[in-house]
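Given next are the chains, with one letter for each unit.
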Amino acid sequence: MAQEVRGVIAPGKDEPVRIETIVVPDPGPGEAVVKIQACGVCHTDLHYKQGGINDEFPFLLGHEAAGVVESVGAGVTDVAPGDFVILNWRAVCGKCRACRRGRPWYCFDTHNAEQRMTLASTGQELSPALGIGAFAEKTLVAAGQCTKVDPAVPAEVAGLLGCGVMAGIGAAINTGNVGRGDTVAVIGCGGVGDAAIAGSYLAGASKVIAVDIDDRKLETARTMGATHTVNSRGTDPVEAIRELTGGFGADVVIEAVGRPETYRQAFYARDLAGTVVLVGVPTPEMKLELPLLDVFGRGGSLKSSWYGDCLPSRDFPMLVDLHLQGRLDLGKFVTETIRLDEVERAFDRMHAGDVLRSVVVL
Ligand code: APR
Ligand code: ZN
Ligand code: ZN
């Protein structure tokens, strides 16, 4: 039976979010209804609210979530009611060329749940942010968006693996393929950059150099595993990274800002034959000019990282286990836990750069 729950809605471009009653239908074939326990507040939610993604208002926000499966539709075998799961925003098809080649993060034939949740007051259809919509007591997703993990992990920690933290850790361990003894530089130490630092530390990097323009961010970066910090407001970060790596440059440089000037720094701060990973998301008008001879002469690889190039079924349980063993402290990413009615305030704090993650706990 369809049920009514509370959820956080972005009603229209640049309007404040508000709590509304939403109708969650029963799961259809291949779908699941998940009782949400925690959901992080991400920049992408803010972009939805501001109208930066598309204009299919009203949105049901929230996509970094963990919870318990309440019910499943016909044909669902991978998860069952009672399972503790982390949600991911791409239920991949499993059949296309990208999927068959083991690169499902490039699957564009996603099978997220159909948008069937509605506003109780008007019957209007809701667009769930990133196909999830988890700032709600319950939400409807495709079963392929649910990954079962050890329920011993606190939900507010687990949920973060659904987006930003996975993107950063994955940029280091999956895309950058950081290995034991490598030198790594991470440019931009917000939530994503800090996760890339934690991932590099985890992978056994010999040096992890954090670069930011804000000293507060650099302090936090140290707690995540940065061995050296560079404030690039007063110092040329390329020079500084070279100096810290015996004059060579880093084996892997991870750009976690998403701007041409920081990408240029990343490009020149890597060692010959090193790797540059772009995980910061640029805007459509951004362009970068580089001498082709430098691209040729410096060798190595220039990569972008999509959702940390993660395989949820492989990476979510692994990272949860490492957290539970005390080898990767994901709790550091949770700055504060808040209630469902405090999301608007969390956006303000995010905008001011005061938090790594505010997490709604239900
Ligand atoms: N040089 C170095 N650091 C910079 C610069 C710069 N020119 N400009 C901004 N920064 C720093 C900020 O001080 C901040 O610490 O980059 C960090 C960005 O962090 P957040 O705004 O918290 O963003 P985050 O959530 O980490 O995401 C970073 O990755 O996934 C993408 O869309 C996301 O593009 C975004 C990026
Ligand atoms: Zn996100
Ligand atoms: Zn596919």
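Along every chain, residues carry numbers that run from 1 in the direction the sequence is written. For this description, chains carry letters from A and ligands carry numbers from 1, given in the order in which they are written. With the structure being a predicted model, the display of local features is reserved for residues of pLDDT at least 70 and the display and counting of side-chain atom pairs for 80 or more, all residues being used for whole-chain, interface and lining totals. The side-chain quantities take in all heavy atoms of the structure and omit both hydrogens and water.

- In its Cofactor (unreviewed entry) section, UniProt records this for the protein: "Zn(2+)".
- UniProt positions are given in the numbering used here, feature names are shortened, and annotations may be inferred rather than shown by experiment. As its UniProt record puts it under Sequence similarities (unreviewed entry), the protein is described as follows: "Belongs to the zinc-containing alcohol dehydrogenase family."

Digging into the coordination of the zinc ion (ligand 3)
Okay, so step 1: The coordination sphere of the zinc ion (ligand 3) contains the protein donors Cys 93 (SG), Cys 96 (SG), Cys 99 (SG) and Cys 107 (SG), at a distance range of 2.3 to 2.4 Å.
Okay, so step 2: Note that the zinc ion (ligand 3) binds four donor atoms; their angles at the metal cover 106 to 115°, and the shape is tetrahedral.
Okay, so step 3: Metal coordination here is assigned from N, O and S atoms located within 2.8 Å of the ion, or within 3.2 Å for Na, K and Ca; omission of water means that sites may look incomplete. All donors of the zinc ion (ligand 3) come from a single chain, and their spacing in sequence reads C-x2-C-x2-C-x7-C.
Okay, so step 4: Relative accessibility under 20% of the residue-type maximum defines a buried residue, over 50% an exposed one, and the middle range a partly exposed one, all with a 1.4 Å probe and only protein chains included. A residue is classified by how much of its surface remains accessible, and Cys 107, at 0% relative accessible area, is buried. A four-donor site is called tetrahedral if each angle lies between 85 and 135 degrees; a four-donor site is square planar, and a six-donor site octahedral, when trans pairs exceed 155 degrees and the remaining angles lie between 65 and 115; all other cases are labelled irregular.

Points about the coordination of the zinc ion (ligand 2)
By definition of the ideal shapes, a tetrahedral metal site with four donors has angles of 109.5 degrees and an octahedral site with six donors has angles of 90 or 180 degrees.
Okay, so step 1: In the first shell of the zinc ion (ligand 2), the protein supplies Cys 42 (SG), His 63 (NE2) and Cys 163 (SG), at 2.1 to 2.2 Å from the metal.
Okay, so step 2: Expressed as a motif, the donor residue spacing for the zinc ion (ligand 2) is C-x20-H-x99-C. Separated by 21 residues along the polypeptide, Cys 42 in the loop between strand S3 (31–40) and helix H1 (43–50) and His 63 in the loop between strand S4 (59–60) and strand S5 (64–72) bring together distant segments of the chain.
Okay, so step 3: On the basis of relative accessibility, which here comes to 0%, the residue His 63 falls in the buried class. In this description a helix means any DSSP run of H or I spanning at least four residues, a strand means any run of E spanning at least two, and both kinds are numbered starting from the N terminus.

Here we look at the packing of helix H7 (residues 237–244) against helix H8 (residues 260–269)
Okay, so step 1: Angles run from 0 to 180 degrees between N-to-C directions of axes, and those axes are lines fitted to C-alpha atoms, restricted for helices to the stretch in contact. The N-to-C vectors of H7 and H8 enclose an angle of 25°; their axes lie 9 Å apart at closest approach. Between H7 and H8, the crossing angle belongs to the class labelled roughly parallel. For the crossing formed where H7 meets H8, the hand is right-handed. Judged by residue contacts, Pro 237, Val 238, Ile 241 and Arg 242 of H7 engage Gln 265, Tyr 268 and Ala 269 from H8. Angular relationships are summarised with four words: roughly parallel below 35 degrees, roughly antiparallel beyond 145, roughly perpendicular across 65 to 115, and oblique for the angles in between. In this scheme the crossing of two helices becomes right-handed for a clockwise turn of the near helix relative to the far one and left-handed for an anticlockwise turn of less than a right angle. We call two residues in contact when some of their heavy atoms are within 4.5 Å.

Some words on a nonpolar patch on the surface
Okay, so step 1: A cluster of nonpolar side chains, namely Tyr 106, Phe 108 and Trp 306, defines an oily patch on the protein surface of about 320 Å² accessible area.
Okay, so step 2: Tracing the chain through its elements places Phe 108 in the loop between helix H2 (97–100) and strand S7 (118–119). In this analysis, a patch consists of residues with relative accessible area above 30% that form no salt bridge, clustered at 9 Å for like charges and at 5 Å for the nonpolar side chains Val, Leu, Ile, Met, Phe, Trp and Tyr. Only the protein chains shown count as cover for residues, and the accessible areas themselves come from Shrake-Rupley with a 1.4 Å probe. The term salt bridge refers to a side-chain nitrogen of Lys or Arg lying within 4 Å of a carboxyl oxygen of Asp or Glu.

Comments concerning the UniProt feature "domain: Enoyl reductase (ER)" (unreviewed entry) in the protein
Okay, so step 1: Following the UniProt record, one finds the feature "domain: Enoyl reductase (ER)" (unreviewed entry) at residues 12–362.
Okay, so step 2: For the annotated span residues 12–362, helix accounts for 28% and strand for 24% of the residues, and the straight-line distance between the end C-alpha atoms is 25 Å.

Here's the deal with the domain arrangement of the protein
Okay, so step 1: For the purposes of this description, domain bounds are those given by an automatic or database domain assignment. What the domain assignment reports for the protein is domain 1 (3–162 + 329–361) and domain 2 (176–305).
Okay, so step 2: Taken together, the contact between domain 1 and domain 2 spans seven residues of the former and 11 residues of the latter.
Okay, so step 3: Buried area is understood as the total, over both parts, of accessible area removed when two parts are fitted together, assessed with a 1.4 Å probe. In terms of surface lost to domain 2, no three residues of domain 1 exceed Lys 332, Phe 333 and Leu 356, which account for 65% of the buried area on that side.
Okay, so step 4: Across the contact surface, domain 1 and domain 2 share one salt bridge.
Okay, so step 5: Here Asp 354 and Arg 216 are joined by a salt bridge, their closest N and O atoms 3.6 Å apart.
Okay, so step 6: By the criterion applied in these results, polar contacts are pairs of N or O atoms within 3.5 Å in which, for protein atoms, one can donate a hydrogen and the other can accept it, and in which residues neighboring in sequence qualify only through two side-chain atoms. Viewed at the interface, domain 2 and domain 1 are joined by two residue pairs in polar contact (both at pLDDT 80 or more).
Okay, so step 7: Classifying every residue of the side of domain 1 that touches domain 2 by side-chain character gives four nonpolar, one polar and two charged. Classes in brief: Ala, Val, Leu, Ile, Met, Phe, Trp, Tyr, Cys and Pro nonpolar; Asp, Glu, Lys and Arg charged; the others, Gly included, polar.

Side note on the sheet that holds strand S8 (residues 127–128)
Okay, so step 1: When DSSP locates at least two bridges between a pair of strands, those strands are taken to pair. The sheet built from five strands is open, its strands ordered S7-S2-S1-S4-S8 with mixed pairing. What marks the edges here is a single partner per strand, and that holds for S7 and S8.
Okay, so step 2: Sheet topology note: the strand S1 (residues 3–10)/strand S2 (residues 18–24) ladder contains seven bridges and is antiparallel. Its bridge partner lying in S2, Glu 4 is registered against Val 23.

Here's the deal with the packing of aromatic side chains
Okay, so step 1: Ring pairs shown here join Phe, Tyr and Trp side chains whose ring centres sit within 6.5 Å, with only the six-membered ring taken for Trp; geometry is labelled stacked below 30 degrees between planes, edge-to-face above 60, and tilted in between. Overall, the coordinates contain six aromatic pairs when judged by the stated rule.
Okay, so step 2: Here the aromatic rings of Tyr 48 and Phe 59 are separated by 4.8 Å at their centres, their planes lie at 65°, and the arrangement is edge-to-face. Here Phe 59 lies in strand S4 and Tyr 48 lies in helix H1, a separation of 11 residues in the sequence.
Okay, so step 3: Look at Tyr 48 and you get buried, because its relative accessible area is 7%.
Okay, so step 4: Taking 4.9 Å as the distance between ring centres and 85° as the angle between the ring planes, the aromatic pair formed by Phe 267 and Tyr 268 counts as edge-to-face.
Okay, so step 5: By relative accessible area, Phe 267 is classed as buried at 0%.
Okay, so step 6: Among the residues examined, Tyr 268 registers a relative accessible area of 18% and is labelled buried.
Okay, so step 7: A network of ring pairs unites the aromatic residues Tyr 48, Phe 57 and Phe 59 as a single cluster.
Okay, so step 8: Remark: a charge is flagged as sitting over a ring if the NZ atom of Lys or the CZ atom of Arg is within 6 Å of the ring centre and within 35 degrees of the ring normal. The ring of Phe 108 has Arg 90 sitting right over it, with the charged end atom 5.3 Å from the ring centre.

Concerning the pattern of salt bridges
Okay, so step 1: Here the structure, examined in full by the defined rule, presents 15 salt bridges.
Okay, so step 2: The closest approach of N and O atoms between Glu 31 and Arg 116, which form a salt bridge, is 2.3 Å. Note that Glu 31 is positioned in strand S3 and Arg 116 in the loop between H2 and S7, a separation of 85 residues in sequence.
Okay, so step 3: Relative accessible area serves as the criterion here: at 7%, Glu 31 is assigned to the buried category.
Okay, so step 4: Owing to a relative accessible area of 30%, Arg 116 belongs among the partly exposed residues under this scheme.
Okay, so step 5: As a salt-bridge pair, Lys 49 and Glu 344 come within 2.9 Å of each other at their nearest N and O atoms. Taken together, the positions of Lys 49 in helix H1 and Glu 344 in helix H11 (residues 343–351) put the pair 295 residues apart, joining distant regions of the chain.
Okay, so step 6: What makes Lys 49 buried here is its relative accessible area of 8%.

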